[in-house]
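# Summary of the model geometry
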Amino acid sequence: MTTLLARVRIVVGALTLLGFAVFSHLVAAQQPTSVDPAGSAVHEEQLLQQFKTIQGRGSIPDVKSYTIEQPAGRDWRHFHEVTLRWIGAVAIVGILAVLVIFYLTRGMVRIESGRSGYKIVRFGAYERFVHWMTATCFIVLALSGLNITFGRPLLLPLMSPEAFTAWSEWAKYAHNYLSFPFTLGVILIFFMWIAGNIPNRVDVEWFKRGGGMVGHDHPPAERFNGGQKAIYWIVVLGGTAVAVSGYTLIFPFYGTDIETMQSATMVHGIIAMLFIAAMLGHIYIGTIGMEGAFEAMGEGTVDINWAKEHHALWLEQERARTGPAQSQRQPAATPGE
Ligand code: HEM
């Protein structure tokens with residue numbers, strides 16, 4: 001009898017233990033974590049690690065605002081705070097380094113035959129207006145956009161939070177409102193210069209000969225050479241891409257959901273960084289990189305010898321069209337050139 005009782009006790013004890021183990025397992029399975037989300041001492045980061053999405057209930061019609069955290073949002077934040085900063089830094093600092101090295105080794109591309117003293121009209125007043133309007137908007141858009149990406153780590157430590165807030169607010173207004181004349185400029189540029197920017201065999205030859213930048217070669221070019229055509233298409237296609245993605249952000253959730261909005265900021269940021277790098281190259285060639293280039297867009301005229309060296313086919317076409325009388329005497333040599 002005693003032995004029987006002892007055996008029953010052992011079986012009951014074992015069953016109780018087993019039941020307790022199964023019960024605890026079930027309880028643990030129902031709770032995704034050991035964290036009590038309602039606990040006041042729960043750290044936000046701990047919650048984020050345990051739950052994929054943090055959602056609540058709300059009383060406003062905007063249902064998507066009930067989702068406070070979601071995995072794609074965290075990926076986006078990582079892109080915005082880490083990946084995009086790397087892309088921007090490598091593209092912009094990289095191109096600046098290349099340009100400095102190029103300038104130190106090659107120096108300014110000079111008018112090798114010297115100035116002739118005669119000038120030819122290269123860009124009319126309307127063309128220069130459209131160029132400078134678009135360029136001015138671009139520079140403000142680039143600086144105000146870079147402030148969104150790099151302002152916090154680079155500028156905030158240098159100024160008071162109030163000053164940084166005020167500057168960022170104005171920069172954001174400028175970014176939003178100047179997007180309109182910028183887009184108009186890109187559209188006008190597209191129509192104004194499309195005829196001279198269709199790639200052809202002359203450009204292939206121009207690229208094969210290093211565009212006259214390497215060595216002292218002067219491959220013939222039409223009104224726009226291969227490099228300028230590349231810049232034209234970067235402006236037209238890059239401008240369209242930043243405009244489409246940018247307006248998606250300015251007018252949020254009009255036919256777009258949260259995923260599209262996140263993709264739009266990523267596309268916008270990446271294209272903007274590459275666009276800025278390409279334009280730094282363009283600005284270099286148009287200023288300190290090449291003698292006589294800036295006056296084409298500044299005054300609208302270039303020296304005949306500059307045209308001979310850099311756009312020989314265009315000069316021939318212009319002479320055939322208007323005759324040599326179109327060239328005018330240069331008023332005075334620019335000092336320091
Ligand atoms: C039609 C033209 C454009 C529109 C409508 C536009 C609009 C916008 C909007 C709404 C944002 C988001 C701002 C925010 O998060 O509060 C933004 C960000 C930004 N934009 Fe633009 N933009 C345009 C052109 C440009 C251009 C030409 C550049 C540079 C060359 C540029 C560079 C940037 C940069 C770097 C950011 C920050 C990206 C980030 O850190 O996530 N944008 N833009």
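About the cut-offs
- Residues numbered from 1 in each chain as written.
- Predicted model: local features only at pLDDT ≥ 70, side-chain atom pairs only at ≥ 80, totals over all residues.
- Heavy atoms only, no water.
- Phe/Tyr/Trp six-rings, centres within 6.5 Å; stacked < 30°, edge-to-face > 60°.
- Helix = DSSP H or I, 4+ residues; strand = E, 2+ residues; numbered from the N terminus.
- Buried < 20%, exposed > 50% of the residue type's maximum accessible area, 1.4 Å probe, protein only.
- Lys NZ or Arg CZ within 6 Å of the ring centre and 35° of its normal.
- Salt bridge = Lys/Arg side-chain N within 4 Å of Asp/Glu carboxyl O.

### Side note on the packing of aromatic side chains
Taken as a whole and judged by the stated rule, the model has 14 aromatic pairs. Seen in terms of ring centroids, F123 and W193 are 5.6 Å apart; in terms of plane orientation they differ by 55 degrees. Their pairing is tilted. Taken together, the positions of F123 in the loop between β3 (118-121) and α4 (125-155) and W193 in helix α5 (residues 161-193) put the pair 70 residues apart, joining distant regions of the chain. For the pair F123 and W193, a shared accessibility class is recorded, and that class is buried. Cluster of aromatic residues (ring-pair linked, three or more members): F102, Y103 and Y284. Of note, K64 hangs over the ring of F253, and the distance from its end group to the ring centre comes to 4.1 Å. The residue whose ring lies beneath R122 is W314, and the NZ or CZ to ring-centre distance is 4.8 Å.

### Notes on the pattern of salt bridges
Counted under the stated rule, the structure contains 12 salt bridges. Salt-bridge contacts for E69 lead to R74; the nearest nitrogen and oxygen are separated by 3.7 Å. For the residue pair E69 and R74, the accessibility class agrees, reading buried in each case. K229 serves as the salt-bridge partner of E222, at 3.9 Å between the closest nitrogen and oxygen. Overall, E222 belongs to the partly exposed group, its relative accessible area being 22%.

Shape is all these values report; function is a separate question.
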